[in-house]
Amino acid sequence: MKNKLYIIALSSLLLGATSCNDYLDINESPDRISVNDLTPNFVFPGAVTNSYYVQARRLNLFAGLMMNSVAGNSYSYGTPFVDEYSPNITSAFYADVWDQLFRNVANFQFVLDYSDPTGEYTQYKAMSKIMKAYYVQTLTDLWGDMPYSEAFKRELNLTPKYDKGEDIYKASIADIESAIQMIDSNKGANPGSSDVVFKGSMSSWKAFANTLKLRYLIRMSNVTGDLATYRDQKLATLQGATFNTADVTVNPGYSQSSDAQQNPWMNYYVYTSAGAQPQNWTLVVPSEHIAIALNGNAVHREGQATVPDTRSVYQKFNGIVDGRRGRIFTLVSTKDNNNVTTANVEGVRQGATPGQPGAPSLRTVSRTGDGLIVGSQTIGATDAAGRKAELIQKGSSKAGVLMTKAETEFLLAEAALRYPAQFSAAQAHFESGITASYAYLGASGATTYIASVNAVPKLGWTGTDTNKLEAIMTQKWIALTGINPEQSYFDYTRTSYPETPLPTISLKAVKPNRLLYPNSEYQSNANNVPSMAADDVFAKNKFTPFWARN
């Protein structure tokens, strides 16, 4: 198993004087410094920063493609993302997400195992329990059963046994509860600036822990029997709890000084520190699916009449133009058959090549919008050079997002819808989720948009409880696009909402419920890794994450 850890401390100074990668660098030469010479105040910030690096780049791309939020630009790259569209899921498919997250979670475990007889690092241990639970959930939700109780021990155990997903969930929830108790104890030093998430605000950590616990329990909404009893008991403990009131972000001092110091999402998708645009700027564009949804189911083609798409999945969007669309993606001008020019999101149907339906010839497609790049900040420059410089400066230094306020509100809305005895104000939380999304992206018109969607079942707060659940998942999908799309992927696996078309070249009738174990496990932990076939990831069976089997 790839969980051997080498850490190097590059500077003893915290941010303000140093860059984000000055905290820690992982997998460097073990001759540089011994792991045993490091303390939690060094290890924790690097563990968070390096974990987010994986989340912001490869995991973000994978989930965006699975949720048909983004597509490959076939106008520039022929037939991109064939493996994702087919999908051709092998042991190499996004294996780097497993390998890197496992190594990084071992950093949190290092903090937990650190000998601390005086309790000086109690709050660091509390934060590490929460962050370990945060990333372990991603791992087990993507791969099901996995090493846990014997894992993250570096060279002390390179062949850990596999634990059941439900046991991992219970252990992680116990860690979250233990972390809250540690926070409440007020023992140890406040982490201050070594805390790259909340800057030492332990009340914010407690709210985040409660929200993460809620996310775990809502993921278990379909379980039955003893697991359902366990879930309900744990939900009851959240009555009266505090939850996130703002976006949960990580920022160890991101800046445009170098590629290593930039927010890692920025130089993966938009600009490097030197001003070069990475391949993904041209390759990763909005899908036709999300473009139709954001444009109010109005298909715009140069010189042609504007018409709606007749497929059933798009009817709930009819006539409701989303005010966030120009902040999520750039808008492209088209002139219709009446010489009326409008600006809209233009996307590509997943799997289509130029000239095929969903990819008309001679067409410009949208790119990543300012709201995803700089959040609610505005770009004041109007000239091209000034605008580019401002985008690089603001996008590079922007905090990375671990959990949006919008996601918190949608979790609370679903909790109140499903469990009204424990939670309340479902509609208010639903509407607050939309409002928070608009605010994060710097978009205007949330009140008008909410009034419009609330007259439409499956898109707003009206109709049956099933309609409202679909509305939550649809709005959450839009709100998390480009930010934390993996959460929508897990929601889709759990609820089948929102309805998401398959790529035109898909060889399967359904999306995968999970991924195959990576090559690294079959090579170094062969006696423990379960043997499964590629088709198992598409079936509901013993390999499916336990919360998605029903």
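On to the pattern of salt bridges, then. What the rule picks out here adds up to 25 salt bridges. Salt-bridge contacts for Arg-231 lead to Asp-232; the nearest nitrogen and oxygen are separated by 2.9 Å. The class of Arg-231 is buried, set by a relative accessible area of 7%. Accessibility expressed as a relative area gives 31% for Asp-232, which makes it partly exposed. Its salt-bridge partner being Asp-491, residue Arg-494 comes within 2.9 Å of it at the nearest N-O pair. In this pair, Arg-494 and Asp-491 both sit in helix H19 (residues 485-495), three residues apart, roughly one turn of the helix. One exposure class covers both Arg-494 and Asp-491, and it is buried. Three or more residues joined by partner-sharing salt bridges are found here, namely Asp-141, Arg-219, Glu-414, Arg-418, Lys-476, Asp-491 and Arg-494.

Right, let's get into empty space enclosed by the protein. Scanning all chains against the criterion turns up seven cavities of 30 Å³ or more. One number sums up the size of the largest cavity: a volume of about 150 Å³. Residue lining of the largest cavity: 15 residues in total, with Asn-60, Val-70, Tyr-269, Val-284 and Gly-482 positioned closest to the centre. Among the elements of the structure, helix H1 (40-66), helix H9 (264-269) and strand S7 (284-286) are those that each provide at least two residues to the lining of the largest cavity. A total of three residues in the lining of the largest cavity trace back to one element, the largest contributor, which is H1. Counted by class, the lining of the largest cavity contains nine nonpolar, six polar and no charged residues. Its boundaries defined by the atoms lining it, the second largest cavity holds a volume of some 120 Å³. If you go around the second largest cavity, you meet 13 residues; those closest to its centre are Tyr-52, Trp-265, Lys-398, Tyr-440 and Gly-482. Elements with a contribution of two residues or more to the lining of the second largest cavity: H1 and helix H13 (370-374). Tallying contributions element by element places H1 first for the lining of the second largest cavity, with three residues. Looking at the lining of the second largest cavity residue by residue, the class counts come to eight nonpolar, four polar and one charged.

How each quantity is defined
Residues numbered from 1 in each chain as written. Predicted model: local features only at pLDDT ≥ 70, side-chain atom pairs only at ≥ 80, totals over all residues. Heavy atoms only, no water. Salt bridge = Lys/Arg side-chain N within 4 Å of Asp/Glu carboxyl O. Buried < 20%, exposed > 50% of the residue type's maximum accessible area, 1.4 Å probe, protein only. Helix = DSSP H or I, 4+ residues; strand = E, 2+ residues; numbered from the N terminus. 1 Å grid on protein atoms, 1.4 Å probe; cavity = no way out; pocket = protein on both sides within 12 Å on 5 of 7 lines; lining within 4 Å. Points joined across faces, edges and corners; volume = space filled by probe spheres on them. Nonpolar A, V, L, I, M, F, W, Y, C, P; charged D, E, K, R; others polar.

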